[in-house]
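# Coordinate analysis (summary)
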Amino acid sequence: MHGFTPSTYESASTAAFKHGRTETIRSATPEAAAFASAFCDPLQTTSTKVALMRTAVDNHTRITRDALMGKGVDRHLYALQALAAGEGLAPTLFRCQAYAKMSRIVLSTSTLASDALENGGFGPVNEDCFALGYGIRPYGCRTLVMTYGRDSRGFADCLERAMLDMREVAAA
């Protein structure tokens, strides 16, 4: 929609661990960017799109599994940052441009998979964020998009077009 891959947060439950809460699935990967780029390029072949989509999905599955098993990076980095701050330290890592960019969430997503939820969602984490709650159902999927005045309708339209494009390519 805006021509770049934003810093993205997708929640992964770590409730299987004592005091577990969530870890971050960092889905804005090079594989996801290559996949999105191919789908935006009318010169790309269907077979190329399929291959890049499968690669991105396989990678997303791997990083999701890692996050669910406590092998993500966000909570570990948060713990290190909190421990350092408690000692009055501010390591360079937490002041660098890459960490600041990673920490500035632009797309926040989470599944709302329970059959008990007819509607629902969550708000954006900052003023320039898109919040996307989604649920997969036997008959399809549903999404809820929230922003602070950042063209939610335009985002939902882009999302619908992307889903239709992926369905078309997957069926080919």
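Let me sum up the structure you'll find in this document. Worth saying up front: this structure is predicted, and the values here are computed from it rather than measured.

### Quick notes on the sheet that holds strand 2 (residues 22–25)
- Pairing is mixed across the open sheet formed by 5 strands, whose spatial order is 2-1-3-4-5. Whereas interior strands pair on both sides, the edge strands pair on one side only; in this sheet they are strand 2 and strand 5 (140–146). Averaged over all pairs of adjacent strands, the angle between their axes in this sheet comes to 25°, without regard to strand direction.
- Together, strand 1 (8–13) and strand 2 form the strand contacts of helix 2 (residues 46–68), whose direction differs from that of strand 2 by roughly 160°.

### Some points on the packing of aromatic side chains
- Inspection of every chain in the model, using the stated rule, returns 3 aromatic pairs.
- A ring pair is formed by F35 and F39, whose centres lie 5.0 Å apart and whose planes are at 75°; its orientation type is edge-to-face. Taken together, the residues F35 and F39, both in helix 1 (residues 30–39) and 4 residues apart, mark about one turn of the helix.
- Judged by relative accessible area, which is 17%, F35 ranks as buried.
- Relative accessible area serves as the criterion here: at 15%, F39 is assigned to the buried category.
- Look at F94 and Y99: their rings are 5.1 Å apart centre to centre, the planes differ by 80°, and that puts the pair in the edge-to-face class.
- We classify F94 as buried; its relative accessible area is 16%.

### Overview of the packing of helix 2 against helix 5 (residues 152–171)
- Direction vectors running N to C along helix 2 and helix 5 enclose 105°, while the axes themselves pass 9 Å from each other. The angle between helix 2 and helix 5 falls in the class roughly perpendicular. Residue-level inspection shows T46, K49, V50 and M53 of helix 2 in contact with helix 5, the latter providing M166, V169 and A170.
- Grouping the amino acids of the contact of helix 2 with helix 5 by side-chain chemistry returns 5 nonpolar, 1 polar and 1 charged.

Rules used throughout
- Residues numbered from 1 in each chain as written.
- Predicted model: local features only at pLDDT ≥ 70, side-chain atom pairs only at ≥ 80, totals over all residues.
- Heavy atoms only, no water.
- Pairing = 2+ DSSP bridges.
- Helix = DSSP H or I, 4+ residues; strand = E, 2+ residues; numbered from the N terminus.
- Axes fitted to C-alpha atoms, helices over the stretch in contact; angles between N-to-C directions.
- Contact = heavy atoms within 4.5 Å.
- Phe/Tyr/Trp six-rings, centres within 6.5 Å; stacked < 30°, edge-to-face > 60°.
- Buried < 20%, exposed > 50% of the residue type's maximum accessible area, 1.4 Å probe, protein only.
- Parallel < 35°, antiparallel > 145°, perpendicular 65-115°, else oblique.
- Nonpolar A, V, L, I, M, F, W, Y, C, P; charged D, E, K, R; others polar.

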